[in-house]
Amino acid sequence: MSLFGFVAAGLIPFRGPHSSAVARRLGTAMCQEPKARLFRLSPPASNGSTVRQETQTDDSEILRCTAKALKDSDVVAVPTDTIYGLACLAQNSEAVRKIYEVKERNGQKPLAICVGEIKDIYQYCKVKVKEELLHDLLPGPVTLVFERSEELNPNLNPFTSLVGVRIPDHAFMRRLCQMCGEPLALTSANISSQTSTVEVQEFQELWSKLAVVVDGGPIGDQSRQGSTVIDLSVLGKYRIIRPGCALSATLDVLEHKYGLSEDWGDERPLNLKNCKRTLRCPTSADPKILRKAKR
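Let me sum up the structure you'll find in this document. Note that the structure is a prediction, hence the values are computed from the model and not measured.

**Here's the deal with the packing of aromatic side chains**
Okay, step 1: According to the stated counting rule, one finds one aromatic pair in the structure shown.
Okay, step 2: Relative to Phe-203, the ring of Tyr-84 has its centre 5.8 Å away and its plane inclined at 50°; by these criteria the two rings are tilted. With Tyr-84 in strand β4 (residues 84-89) and Phe-203 in the loop between β9 (184-188) and β10 (212-215), this pair connects stretches of sequence that are 119 residues apart.
Okay, step 3: Under the relative-accessibility criterion, Tyr-84 is labelled buried at 0%.
Okay, step 4: On the basis of relative accessibility, which here comes to 0%, the residue Phe-203 falls in the buried class.

**Comments concerning the pattern of salt bridges**
Okay, step 1: On inspection of all chains with the given rule, the structure shows 15 salt bridges.
Okay, step 2: Residues Glu-94 and Lys-98 are paired through a salt bridge, measuring 3.8 Å at the closest nitrogen-oxygen approach. Residue Glu-94 and its partner Lys-98 are both found in helix α3 (residues 93-103); the two are separated by four residues, about one turn of the helix.
Okay, step 3: Since its relative accessible area comes to 22%, Lys-98 is described here as partly exposed.
Okay, step 4: Of the charged contacts in the structure, one is a salt bridge between Asp-120 and Lys-119, with a shortest N-O distance of 3.4 Å.

**Looking at the layout of surface pockets**
Okay, step 1: Taken as a whole, the second largest pocket encloses approximately 800 Å³ of empty space.
Okay, step 2: Lining the second largest pocket are 36 residues; nearest its centre among them are Arg-105, Pro-110, Ala-112, Val-229 and Arg-242.
Okay, step 3: Mapped by element, the contributors of at least two residues to the lining of the second largest pocket are β4, β7 (142-148), β8 (162-166), β9, β11 (228-231) and β12 (237-242).
Okay, step 4: If you tally residues by element for the lining of the second largest pocket, the top one is β8, at four residues.
Okay, step 5: Grouping the amino acids of the lining of the second largest pocket by side-chain chemistry returns 12 nonpolar, 17 polar and seven charged.

Analysis parameters
Residues numbered from 1 in each chain as written. Predicted model: local features only at pLDDT ≥ 70, side-chain atom pairs only at ≥ 80, totals over all residues. Heavy atoms only, no water. Phe/Tyr/Trp six-rings, centres within 6.5 Å; stacked < 30°, edge-to-face > 60°. Helix = DSSP H or I, 4+ residues; strand = E, 2+ residues; numbered from the N terminus. Buried < 20%, exposed > 50% of the residue type's maximum accessible area, 1.4 Å probe, protein only. Salt bridge = Lys/Arg side-chain N within 4 Å of Asp/Glu carboxyl O. 1 Å grid on protein atoms, 1.4 Å probe; cavity = no way out; pocket = protein on both sides within 12 Å on 5 of 7 lines; lining within 4 Å. Points joined across faces, edges and corners; volume = space filled by probe spheres on them. Nonpolar A, V, L, I, M, F, W, Y, C, P; charged D, E, K, R; others polar.

If you want it as structure tokens, here you go:
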């Protein structure tokens, strides 16, 4: 059994001998146009392995189904290390259009990309920081903004020369990116401007518009702040785009280990000046970043 197994899950538990057939009929009835499929990740046991449930679906099969939906230009819902997200293939312009429609998002608001490995960042971004800095922050609850490369889909965020990139500290997401072999466009799983979600039931109104919903259970970061977004497109400088859940630890890495200075641009937001040193990440990722910074 691999690090994370997966179980196909119906919306209502069935225990009888015909439970599988009943669940399949229920799923068919509920998932018409498009045929949304709900999968549940197996919860980890106390020793770090996964708990085997009665109806076990092989993890590679669930990954295959999700990757197929993405390659069919569909939008899927996935867990990350911070909040639930909506994802599609970033290089697929039709899929990018769909994700804006599903989320009812302003077309002038950019989407971040998600990749599986740090080496992938160099294909789609022009990186101006040391590779060691990337390893100190990623995987983790941080979105790093760089100048985009010519490899990235020109129809993704065509209004800006920059792009944010994530590598969530989440095994399923990293494997999914690796299986797709290209970046995912990633945004929060909610209607635009509504509260971020940490359980799949919280965005149930979107399920009918999705091909796959992957239920990873409640996400531990109940702050719902999402990732910390930092612009590193200027050599030797950083700019805080969104404080997010890991600001304090991220700044420790940028300033104390790599000597980057803050670029406030034309305006200095006083409220951010007052809060940035006191914000703490409520997730386990924050101390992990701090430990990396001390190496």
